[in-house]
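Structure at a glance
This is what each chain is made of:
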Amino acid sequence: MWNRIYAIFQARNREFLRDRASLSWNLILPIALMFGLSFAFSNDRDAYTVGILQSAEEIMVDDHPFLETQYINFVAYDDLDTAMRKVARHQLDLLVEFGDGARYWINPESPKGYFAEIALLQSESTVALNIEKQQISGDAVGYADWLLPGILGMNMMFSCLFGVGYVVVRYRKNGFLKRLRATPLTPIEFIAAQVASRMVLILMISTFIYTGTHLLLDTRMEGSYFTLFLIAIVGAISLVSLGLVVSARVTSEELAGGLLNLINWPMMMLSGVWFSLEGAPEAVRTAANVFPLTHILDAARAVMLDGATLADVSPALIALTIMSAIFLALGARIFRWGPM
Amino acid sequence: MPIALEARNIVKHYPGVIAVDDVSFSVREGICFGLLGPNGAGKTTTVEIIEGVTSATSGEVFYYGEIAGQRFKQEAGIQFQNTALQDYITVRETIEMFRTLYTRQANIDDIIEQCSLRDLLDRDNRKLSGGQRQRLLLAVALVNRPRLIFLDEPTTGLDPQARRNFWDLVQSIRAAGSTILLTTHYMDEAQVLCDEIAIMDSGKIMTQGSPEELLRKQYEGLIIELPISDLTGDLSGIEHTVYDNLGIIEVVTTDVSRSLQQLSPHVSDLNQIKIRQPNLEDLFLDLTGHTLRA
């Protein structure tokens, strides 16, 4: 039994690793996405932009205390109409003209304008507030830190679902599965080999992507690598198993692609690959729990960003294990070597 | 010789179609048994049911007297009509992978020699020619030292040299003691390789036996062939068959001299007359018809 599983496992690994185009795509795309998105959002996303109406190009900080405010980008404008249009479109949070007859323009529908206005008015206030100030130090969680688990999870999802689901359908369509069926190989041995092969490949690829981005972007890692590795293994098994369920009987690559996309897209949108679901309605957050990727990303982010321990992420690991068991049992039950 | 394989009352229904209709036959150990028939006759479905890769609506398959099961899977070698192999995998790796799936294992060097694959071992499966690919598929069918080998239309699409090369291979396998079940629609192939044949059409077996026995039963004597264009008179007094689509007339006779005497007044050019032994193609066409199948 183990010999047969290993033979299929080894052949599938060779097939994947020698397909240079697919391998390169699997490695380059996630890294390119990481760099691209990190660069695009590298500026302080919460910085305010305030226009200063003046004829001079250079803004003199000494002109007014407001101009010393941190985390505000001050931009000089000499044309009132242009600057007002930018305020109307929320491209400027506030427009101020200092000097005699000082005045400012604000769009009342702009949330950032509201806070920029408070900062402006506070800068002229002399009233001392009777509130104790305490400082907490710590590095900010950058977008790259937050994004890396998402990119790794997304790559894992595509690789597991398409790399297994699509390939099994192709094998079935071109008769390779029929050829295997004529041997003593059993469905469970074939499935075990596919799961193991994809798990090893995705762990290799994920390790490469993680190491590359971690070294180059200095991403945050607060927890244990062992726990993160465990999440990756359990997560990969659940996603591969899901791919096997989809491909268990399908004989058309087009249909398989459609079904896989039907799972991929909601999972990618609702599992928190690109943005957090913290502010989403309760029903959406509850629905997102049916996806393995939600548990993978929540657990990975908890380990990488907050230093969560194995015990902390064990509910996610248990959920993934239960999902894997259900998907594998269902996949083995409905699996067909050939067309119906 | 014991019966290696027996198919009993095999039936396969698809919606609106009876692909195999109560097919029974047996194959003695050590022979090459040919299952012949036109395209769509049900040969491949029958063989795939026997191989265990397609389920039958009803019927049973016995291997050395037992219901075909795990022992059959370990001891049978199969070459399908259309099998894709994995991309980016070499010939050697393909053979080794399939060999590992069996507990009965052939010596890998013997297979490589037998199938003349020595020079192709490191070649990617995708880069094999048709003949090379068929030799590899045969090698894959031999990895478990099979006692019974299924060859499903193994020479379809091969050039004449590759076909003859493949025939030599099959004969050497049979000489080594394996039983072979060959499906083909090439009658010359069946005539060269098969000890016994069964001819199928429309899901049924029309006839079965050794080629010599079947030809003897069907034809008494020789066949005289003459082109229709050389005919100058009426042949109504002579028993004959006209094949308009081939442009020939056939007369089956046990007395060639007498038949030639009867024919000569009605034929413009006697040099065009051919006299030959009936062959499997004649039998096949007589049983399955001369019209083109959809």
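This is a predicted model, so every value here is computed, not measured.

With respect to the overall build of chain A
Counting secondary structure elements, chain A contains twelve helices and four strands. For 340 residues, the compact-globule formula gives about 20 Å, and the C-alpha radius of gyration of chain A, at 27 Å, lies well above that figure. For the C-alpha atoms alone, the extent of chain A along its principal axes is close to 90 × 45 × 40 Å. Counting across all 340 residues of chain A, residues that qualify as buried make up 38%. Put simply, 76% of the contacts in chain A that link residues at least 6 apart link residues at least 24 apart.

A word on helix α5 (residues 130–141) of chain B
Residues and elements named next belong to chain B. In this model, α5 (twelve residues) spans 17 Å end to end at C-alpha, consistent with the 16 Å of a helix rising 1.5 Å per residue. Of all twelve residues making up α5, nine are buried, and the element is well covered by its neighbours. Within the span of α5, buried status applies to R133, Q134, R135, L136, L137, L138, A139, V140 and A141. Contacts made by the buried residues of α5 are with β6 (76–79), α3 (91–100), α4 (108–114), β7 (148–152) and α6 (160–175).

Remarks on the interface of chain B and chain A
Across the contact, 22 residues belong to chain B and 19 residues belong to chain A. Residues belonging to the side of chain B that touches chain A are distributed by class as follows: eleven nonpolar, seven polar and four charged.

Some thoughts on the domain arrangement of chain B
Once the domains are mapped, chain B shows domain 1 (3–210) and domain 2 (220–277). Taking only C-alpha atoms into account, the centre of domain 1 of chain B sits 40 Å from that of domain 2 of chain B.

Here's the deal with the pairing of strand β13 (residues 248–253) of chain B
Residues and elements named next belong to chain B. Residues I249, V251 and T253 line the buried face of β13, whereas the alternating positions I248, E250 and V252 sit on a face that is not buried. As judged from the three bridges shared by strand β12 (residues 241–243) and β13, these two strands associate in the antiparallel manner. Bridged to Y243 within β13 is I248.

Section: the packing of helix α5 (residues 143–174) of chain A against helix α7 (residues 187–217) of chain A
Residues and elements named next belong to chain A. Across the interface, α5 lies against α7 with an axial gap of 10 Å and an inter-helix angle of 155°. In terms of their interaxial angle, α5 and α7 are classed as roughly antiparallel. In this structure, α5 meets α7 at a crossing whose hand is right-handed. Residues A144, L148, L152, N155, M156, S159, C160, G163, V164 and V168 of α5 form the contact with α7, whose own contacting residues are Q194, R198, I202, I205, S206, I209, Y210, T213 and L217. The residue makeup of the contact of α5 with α7, split by class, is twelve nonpolar, six polar and one charged.

Comments concerning the nonpolar core
Formed by 139 residues in total, the largest nonpolar core has its most connected members in C160, I231, A236, V240 and V303 of chain A together with I180 and L181 of chain B. Looking at which element gives the most residues to this core, the answer is α5 of chain A, with 15 residues. Once you skip the residues sitting within four places of it in the chain, C160 of chain A turns out to touch R198, I202, A236, L239, V240 and G243 of chain A.

Some words on the environment of R172 of chain A
Residue and element names in this part refer to chain A. Mapped onto the secondary structure, R172 falls in helix α5. Each C-alpha atom of the pair R172 and W337 lies 6.4 Å from the other, and the pair is 165 residues apart in sequence. Those residues within four positions of R172 in sequence are excluded, and the remaining contacts are L177, T251 and G338.

Topic: the confidence of the model for chain B
This prediction gives chain B a mean pLDDT of 85; 98% of its residues lie at or above 70. At the low end of the mean pLDDT range in chain B sits β12 of chain B, at 73; at the high end sits α3 of chain B, at 93.

Focus: the environment of Q10 of chain A
Relative to the helices and strands, Q10 of chain A is located in helix α1 (residues 2–18). Along the backbone, Q10 of chain A and L277 of chain A are 267 residues apart, and their C-alpha atoms lie at a distance of 40 Å.

Cut-offs and rules
Numbering of residues starts from 1 in each chain and follows the order in which that chain's sequence is written. Key to labels: chains lettered from A, ligands numbered from 1, both in the order written. Under the rules for a predicted model, residues below a pLDDT of 70 receive no local features and side-chain atom pairs below 80 are neither given nor counted, while totals for whole chains, interfaces and linings still include all residues. Segments assigned H or I by DSSP are reported as helices when at least four residues long, segments assigned E as strands when at least two residues long, and all are numbered from the N terminus. Throughout, the radius of gyration refers to the C-alpha atoms, and the reference size of a globule is 2.2 Å times the residue count to the power 0.38. Counting other C-beta atoms within 10 Å of its own, a residue is labelled buried from 20 upward, exposed at 12 or fewer, and partly exposed in the gap between, with every C-beta atom placed from the backbone. Whether two residues are in contact depends on their C-beta atoms, placed from the backbone: they are in contact if these lie within 7 Å. By this rule the span expected of a helix is its residue count minus one, scaled by 1.5 Å. Here the nonpolar group is Ala, Val, Leu, Ile, Met, Phe, Trp, Tyr, Cys and Pro; Asp, Glu, Lys and Arg are the charged ones; every other residue, Gly included, is treated as polar. Domain segmentation is taken from an automatic or database assignment of domains. Only strands that DSSP links by at least two bridges are regarded as paired with each other. A fitted line through C-alpha atoms represents every axis, and for helices the fit uses only the stretch in contact; the resulting angles, taken between N-to-C directions, go from 0 to 180 degrees. Orientation labels follow simple angle bins: below 35 degrees gives roughly parallel, above 145 gives roughly antiparallel, 65 to 115 gives roughly perpendicular, and whatever is left gives oblique. Take the far helix as your reference; a near helix turned counterclockwise from it by less than a right angle gives a left-handed crossing, and one turned clockwise gives a right-handed crossing. Note on definitions: a nonpolar core is a set of buried residues drawn from Ala, Val, Leu, Ile, Met, Phe, Trp, Tyr and Cys, linked by C-beta atoms within 7 Å. One number per residue, pLDDT, summarises how confident the predictor is, and it ranges from 0 to 100.

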